[in-house]
Amino acid sequence: MKSSIIAACAALLAATACTSPEKKTDWTTNAIENARTQIGLEIDTIEASGKFMNPVTLTTNGDVYYCGYADWRSGFFPGSVWYLYELTGDTTLLPLARKYTEAISEAQNLTWHHDIGFIIYCSFGNAFRLAPQPTDKDVIIQAARSLCTRFREKPQVIQSWDVKGNSWQSERGWECPVIIDNMMNLELLFAATRLSGDSTYSRVAIAHANRTLQEHFRPDGSCYHVIDYSIEDGTVRHRHTAQGYAHESAWSRGQAWAIYGFTVCYRETGDRRYLDRAIKTFHFMKNHPNMPDDLIPYWDMDAPGIPDEPRDASSASIIASALYELSTCPVEKPQEYKDYADRIMQSLASDSYTAPIGENGRFVLMHSVGSIPHNSEIDVPLNYADYYYLEALQRKLKLEQ
Ligand code: GLY
């Protein structure tokens, strides 16, 4: 009798073991845990140094490159820590995010390049959204004021780069170069108008977006990287590239900035032309014959050595983040935008693009490209690939809640 009870129990246990579902963790949870651990290691490194170091990428020696506040990429690491806090609810990240954000506050006064929008909105913008301090608002408004000093009346655009001095931009013969990336700086201006009640900032943003809409795009939906305007009469002097393969090629990150930037402008203004622009450039990328199956673009979709050209994970994460927002806009078949973003994100979260813990300079994603024409940052981690990846994860979770 006793032995038959034991046998019955053993059989039941075996059956339970076979049928009880294994604890399954979905890829999103894994991606968040992985990012928390990996960026946590970088935070440990920074904290152990006793000063704020702002990680950007890896040098050719394999060392982490840390930047100063004026670098266009200085807002991404503080912003990533804010997103990590939002994704995990880990309150130990709050004082760190705040400290790293405050460390770059001097950027609010930069007037010698246009990237102040990236810098201040990714850091202070997220700070203000998640754990505002009274001064955050002042920093955002002051940064908008600084950015508007670069507005040029005749062409009605914000000048991206200065052309005097010894920089490589000055060797190109440009007068007033505007890069498509500049669309990303406009979100700061819309925020500054909301916070200050002064419509000057959003008027500058809209003027810039309208001229970009008019000049930066080709009939197939793709965009140029650089449009150079005449300061004197506002006409277009050149349609060029700086970081793409050729003037007429489709530099992938430029397409990503266009999709993201015009989606933001639609959100801020309700102007349908901006939404249509974002959709058209996305469809250009989506339908491109050179788009790989895993949806991580080549650094330039017309690069001559495809399929042996480097991929750019940063373009992929920027596009994914924009698509989650586009899926909430009045578009045909919104679910298709979300599904496409999910497919990009699953690729990025896989071992092909997510680095093993402790490797890759403690950045989350591998395989991005800074600028091949400048022989700089080729197939490396980049802090903005990580930033938009975390933002995309956050947007995905929010949509699904
Ligand atoms: N904004 C510079 C870049 O995308 O490389």
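Residues numbered from 1 in each chain as written. Predicted model: local features only at pLDDT ≥ 70, side-chain atom pairs only at ≥ 80, totals over all residues. Heavy atoms only, no water.

**Details of the overall build of the protein chain**
Short version of the rule: Secondary structure counts use DSSP, requiring at least four H or I residues in a row for a helix and at least two E residues in a row for a strand, with both numbered from the N terminus. For the exposure calls, accessible area comes from a 1.4 Å probe over protein chains only, and a residue counts as buried if that area is under 20% of its type's maximum, exposed if over 50%, partly exposed in between. Residues count as neighbours in contact if any of their non-hydrogen atoms are within 4.5 Å of one another.
Looking only at helices and strands, one finds 13 helices and nine strands in the protein chain. In terms of overall dimensions, the protein chain has a C-alpha envelope of 100 × 50 × 45 Å along the principal axes. The proportion of buried residues among the 401 residues of the protein chain is 56%. Considering only contacts within the protein chain whose residues lie at least 6 apart along the sequence, 66% involve residues at least 24 apart.

**As for the confidence of the model for the protein chain**
Reading predicted coordinates in detail is not appropriate for stretches of low pLDDT. We apply this condition: Confidence per residue, as judged by the predictor, is encoded in pLDDT with a range of 0 to 100.
Looking at the protein chain as a whole, its pLDDT mean stands at 94, while 94% of the residues score no less than 70. Ignoring residues within four places in sequence, the model shows residues 1-20, a span with pLDDT below 50, making zero contacts including any to other chains.

**So, the sheet that holds strand β6 (residues 226-229)**
The test is simple: Here, a strand pair is defined by DSSP locating no fewer than two bridges between the strands. Between N-to-C directions, angles cover 0 to 180 degrees, with each direction set by a line fitted to C-alpha atoms, over the stretch in contact for helices.
The strand order β5-β6-β7 describes an open sheet built from three strands, whose pairing is antiparallel. Two strands in the sheet have a free side with no partner beyond their single neighbour: β5 (176-179) and β7 (236-240). Shown here is a sheet whose adjacent strand axes are inclined to one another by a mean of 20 degrees, direction ignored. For β6 and β7, the ladder comprises four bridges, and the chain directions are antiparallel. Considered in β7, the bridge of V226 is made with H240.

**A look at the nonpolar core**
Buried together is how nonpolar side chains tend to be arranged in soluble globular proteins. Applicable threshold: Think of a nonpolar core as a cluster: buried Ala, Val, Leu, Ile, Met, Phe, Trp, Tyr and Cys residues, connected wherever their side-chain atoms sit within 4.5 Å.
In terms of nonpolar packing, the biggest core is built from 111 residues, with I120, L189, I344, L348 and Y388 touching the most fellow members. Setting aside residues up to four positions removed in sequence, I120 forms contacts with I104, A107, Q108, G125, V139, I140, A143 and L188.

**Considering the environment of D138**
Secondary-structure assignment places D138 in helix α6 (residues 134-148). Under the relative-accessibility criterion, D138 is labelled partly exposed at 46%.

**Quick word on the site of the ligand**
Rules: Nearness is judged by heavy atoms alone; a residue qualifies as near a molecule or strand once a single heavy atom is within 4 Å of it. Under the rule applied, a polar contact is a pair of N or O atoms within 3.5 Å (in protein, one hydrogen donor and one hydrogen acceptor; residues adjacent in sequence only if both atoms are side-chain atoms). Computed with the Shrake-Rupley method and a 1.4 Å probe, the accessible areas treat only the protein chains shown as cover for residues. Lining residues are defined by having an atom within 4 Å of a point belonging to a cavity or pocket. Those points lie on a 1 Å grid over the protein atoms alone, cavities being sets where a 1.4 Å probe fits but cannot get out and pockets being open sets with protein on both sides within 12 Å along at least five of seven lines. By definition, a pocket or cavity contains a molecule when more than half of the molecule's atoms lie within 2 Å of the pocket's grid points. Amino acids are sorted into nonpolar (Ala, Val, Leu, Ile, Met, Phe, Trp, Tyr, Cys and Pro), charged (Asp, Glu, Lys and Arg) and polar (every other residue, Gly among them).
Close to the ligand lie W72, D181, Q243, W251, R253, W257 and Y384, which account for all nearby residues. With respect to the ligand, the side chain of Q243 contributes an N or O atom lying 2.7 Å from an oxygen atom. Within the side chain of R253, one N or O atom sits 2.7 Å away from an oxygen atom of the ligand. Isolated, the ligand exposes 200 Å² of accessible area, and the fraction of that covered by the protein chains is 93%. Its atoms largely coinciding with the cavity grid, the ligand occupies the largest pocket. A class-by-class count of the residues in the shell around the ligand yields four nonpolar, one polar and two charged.

**Things to note about empty space enclosed by the protein**
Just so we agree on the cut-off: Grid points are joined across faces, edges and corners, and a volume is the space filled by probe spheres set on the points.
All told, the structure shown has one cavity of 30 Å³ or more when counted by the stated rule. In this structure, the largest cavity occupies an estimated 80 Å³ of space. What lines the largest cavity is I39, E42, P55, F77, S80, R362, F363, V364, N383 and D386. Put simply, the parts of the chain that give the lining of the largest cavity at least two residues each are α2 (27-49), α3 (76-88) and α13 (383-400). Taken together, the residues of the lining of the largest cavity sort by class into five nonpolar, two polar and three charged.

**Some remarks on the pattern of salt bridges**
Quick reminder of the rule: Any Lys or Arg side-chain nitrogen found within 4 Å of a carboxyl oxygen on Asp or Glu counts as a salt bridge.
Tallying each qualifying case throughout the model produces 28 salt bridges. Linking R237 and D228 is a salt bridge whose minimum nitrogen-to-oxygen distance equals 2.6 Å. A salt bridge links D342 to K396, with the nearest nitrogen and oxygen atoms 3.1 Å apart. One end of the pair, D342, is in helix α12 (residues 334-349); the other, K396, is in helix α13, with 54 residues separating them in the sequence. One salt-bridge network, in which partners are shared between bridges, spans E187, R194, R267, E268, E325, E391 and R395.

**Some points on helix α9 (residues 252-269)**
Basically, it comes down to this: Every helix has an expected span of 1.5 Å times one less than the residues it contains.
In a regular helix each residue adds 1.5 Å, so 18 residues correspond to 26 Å; α9 covers 26 Å between its end C-alpha atoms and thus fits that length. Extensive coverage of α9 is indicated by the burial of 15 of its 18 residues. Two residues or fewer past α9, G270 is found with a positive phi of approximately 75 degrees.

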